[in-house]
Amino acid sequence: MCGVESVQRRASSLDSRRRALHRKDPVSTSSSIADDERFMAEAIAEGEVASAVGEIPVGCVLVAGGQIISRAHNLRERTQDPTAHAEMIALRAAAVRLRSWRLLDVTCYVTLEPCPMCAGALVHARVARVVYGCDDPKAGAVRSLFDIGQDPRLNHRFELTAGVLGDACSRQLSGFFAEVRRKRREPLL
């Protein structure tokens, strides 16, 4: 009987942690809200760079010790590389800068919830924390569709904060796609 009760307690604890992750408010963090907003604003600026060159406006900055160590934006269209997501590019640059693939004590700030590929890369890089702006109901892999960053079957998990400057991130994406649709409707001159 004692073993069954122990398993039930552990299952209950895991369920409560999963429910906390899936709340619509941000998960508690060890970093200040002001720092999160400051670095997310930098990620939004990277998204603007992407938009200016015709890429989906997703921006990412990686931070260690309160300093930005890498920054990137989507480049899939320009490079015709399906892996050229902002997170992937920023992870590669940070690994080069730190001379290690292990990005311990690094926080990833990204404007859109990471996809399965990027979430997996963040786990493999041992990133400590992921902060994102808006949910991605079609491909989000850290809260919306999957829970990759908290999956107990994986050998690493990261802390998660959702919704930082989420309205601004969502407006950036919505504005981009509205402009793409508008251009498609314009008659050719």
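On a predicted model such as this, the values are computed, not experimentally measured, just so you know.

Chemist: Run through the layout of surface pockets, naming residues and quoting values.
Modeler: In this structure, the largest pocket occupies an estimated 550 Å³ of space. Lining of the largest pocket is provided by 21 residues; of these, Ile56, Leu112, Asp136, Leu173 and Phe177 occupy positions nearest its centre.

Chemist: Before we move on, can you summarise the sheet that holds strand 4 (residues 129-134) with the specific residues and values?
Modeler: Within the open sheet, the 5 strands sit side by side as 2-1-3-4-5. Their pairing is mixed. Each edge of the open sheet carries a strand with a single partner, namely strand 2 (67-73) and strand 5 (159-162). Recorded for the sheet is a direction-independent mean angle of 15° between the axes of neighbouring strands. Summarising the sheet, strand 3 (residues 107-112) and strand 4 pair through 5 bridges and their orientation is parallel. Paired with Cys108 across the bridge in strand 4 is Val130. Contacts from helix 4 (residues 86-98) reach strand 1 (59-64), strand 2 and strand 3, with the element oriented near 140° to strand 2.

Chemist: Explain the side chain of Asp136 residue by residue, including any values.
Modeler: Tracing the backbone shows Asp136 in the loop between strand 4 and strand 5. One buried charged side chain, Asp136, makes no salt bridge at all; its nearest oppositely charged neighbour is Lys138, positioned 7.4 Å away. Among the polar contacts made by the side chain of Asp136, one reaches the main-chain amide nitrogen of Ala139 at a distance of 3.2 Å. Beyond its immediate chain neighbours, meaning those up to four positions away, Asp136 contacts Leu112, Glu113 and Ser144.

The rules behind the values
- Residues numbered from 1 in each chain as written.
- Predicted model: local features only at pLDDT ≥ 70, side-chain atom pairs only at ≥ 80, totals over all residues.
- Heavy atoms only, no water.
- 1 Å grid on protein atoms, 1.4 Å probe; cavity = no way out; pocket = protein on both sides within 12 Å on 5 of 7 lines; lining within 4 Å.
- Points joined across faces, edges and corners; volume = space filled by probe spheres on them.
- Pairing = 2+ DSSP bridges.
- Helix = DSSP H or I, 4+ residues; strand = E, 2+ residues; numbered from the N terminus.
- Axes fitted to C-alpha atoms, helices over the stretch in contact; angles between N-to-C directions.
- Contact = heavy atoms within 4.5 Å.
- Buried < 20%, exposed > 50% of the residue type's maximum accessible area, 1.4 Å probe, protein only.
- Lys, Arg positive; Asp, Glu negative; His and termini not counted.
- Salt bridge = Lys/Arg side-chain N within 4 Å of Asp/Glu carboxyl O.
- Polar contact = N/O pair within 3.5 Å; in protein donor to acceptor, adjacent residues only side chain to side chain.

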